[in-house]
Amino acid sequence: MRIDIISAVPDLMESPFRTSILKRAMEKGLAEVHFHNLRKYALNKYGQIDDAPYGGGAGMVLMVEPLDRCISDLKAERDYDEVIYLTPDGETLNQRIANTLSIKENIIMLCGHYKGIDQRVRDMHITREISIGDYVLTGGELAACVLADSVIRLLPGVLNDEQSALTDSFQDNLLAPPIYTRPEVYKGLKVPSVLLSGNPKVIEDWEHEQALNITRTRRPDLLENK
Ligand code: 6GU
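Presented here is a report on the structure given in the accompanying data block. (Residues numbered from 1 in each chain as written. Predicted model: local features only at pLDDT ≥ 70, side-chain atom pairs only at ≥ 80, totals over all residues. Heavy atoms only, no water.)

## Quick notes on the nonpolar core
Here is step 1: By size, the foremost hydrophobic cluster in this structure holds 31 residues, and its most contacted members are Ile5, Phe17, Met109, Leu147 and Ile152.
Here is step 2: Secondary structure elements with two or more residues in this core: strand 1 (2-7), helix 1 (20-27), strand 5 (82-92), helix 3 (95-101), strand 6 (106-111) and helix 5 (141-152).
Here is step 3: In terms of residue count, helix 5 provides more of this core than any other element does, seven residues in total.
Here is step 4: In contact with Phe17, not counting residues within four places along its chain, are Ile5, Leu22, Lys23, Met26, Val33, Phe35, Cys145, Ala148 and Ile152.
Here is step 5: In this structure, Leu38, Leu67, Tyr85 and Ile117 belong to the second largest nonpolar core, which totals 19 residues. (Core = buried A, V, L, I, M, F, W, Y, C linked by side-chain atoms within 4.5 Å. Buried < 20%, exposed > 50% of the residue type's maximum accessible area, 1.4 Å probe, protein only. Helix = DSSP H or I, 4+ residues; strand = E, 2+ residues; numbered from the N terminus. Contact = heavy atoms within 4.5 Å.)

Here's what the structure looks like:
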């Protein structure tokens, strides 16, 4: 999979892809992430990429021309399955969306900034708009990192067996059961004896029941979609 991320401040996104599991995914050639600095597509020597909105109002708007040039250059190189605009107005990211995107070949992620982007960019290029939740960030960059992480970890070979995505919270619409490691007793707090029973069937049933109880308490909405 190849992800091209367009942003006015690409430096903001460096470290998540240079560390740990995502770094290894890149080194193994399972994912490629390329950053594109919008300033390079600026109209003038001052590097202008934003301007005041028509009709007035506070804040600046990312201009259509630098964005169109950047996206068109990329599209001239290869076919893209999705051109995603990260925006609080978008569809809220969930595991289903991450799963869907994880089988794509080439994706562009466009990070909004300031007040947003000229509507004509959306009309011309954007195939999907995604938000990462009902709160406002300073820009789409952190959201792009979240989205890319949620997708890349699903690519075959990225996770090893122990980290397997199949047992994740949410993969089956259930939250995770409690987990423990050594020691067996800490400050009087004991690991539930069922986990020490060595009986896989009993353990699995207990974990499923715990997961159901926790989901019922914290996120009953997840059970309604089952
Ligand atoms: Cl994608 N962008 C911004 N600026 N804020 C957000 C968001 C995106 N998702 C949630 N909040």
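## What about the pairing of strand 2 (residues 32-37)?
Here is step 1: Judged from the six bridges that link them, strand 1 and strand 2 form a sheet pairing that is parallel. Note that in strand 2 the partner of Ile6 across the bridge is His36.
Here is step 2: The β-α-β motif built from strand 1, the intervening helix 1 and the parallel element strand 2 has right-handed crossover chirality. (Pairing = 2+ DSSP bridges. Right-handed = clockwise from strand over helix to strand, strands pointing away.)

## Regarding the packing of aromatic side chains
Here is step 1: Applying the stated criterion across every chain yields a total of one aromatic pair.
Here is step 2: Each ring, one from Phe17 and one from Phe35, has its centre 5.8 Å from the other, and the planes form 65 degrees; the classification is edge-to-face. Remark: Phe35 occurs in strand 2 and Phe17 occurs in the loop between strand 1 and helix 1; sequence separation between them is 18 residues.
Here is step 3: Accessibility expressed as a relative area gives 25% for Phe35, which makes it partly exposed. (Phe/Tyr/Trp six-rings, centres within 6.5 Å; stacked < 30°, edge-to-face > 60°.)

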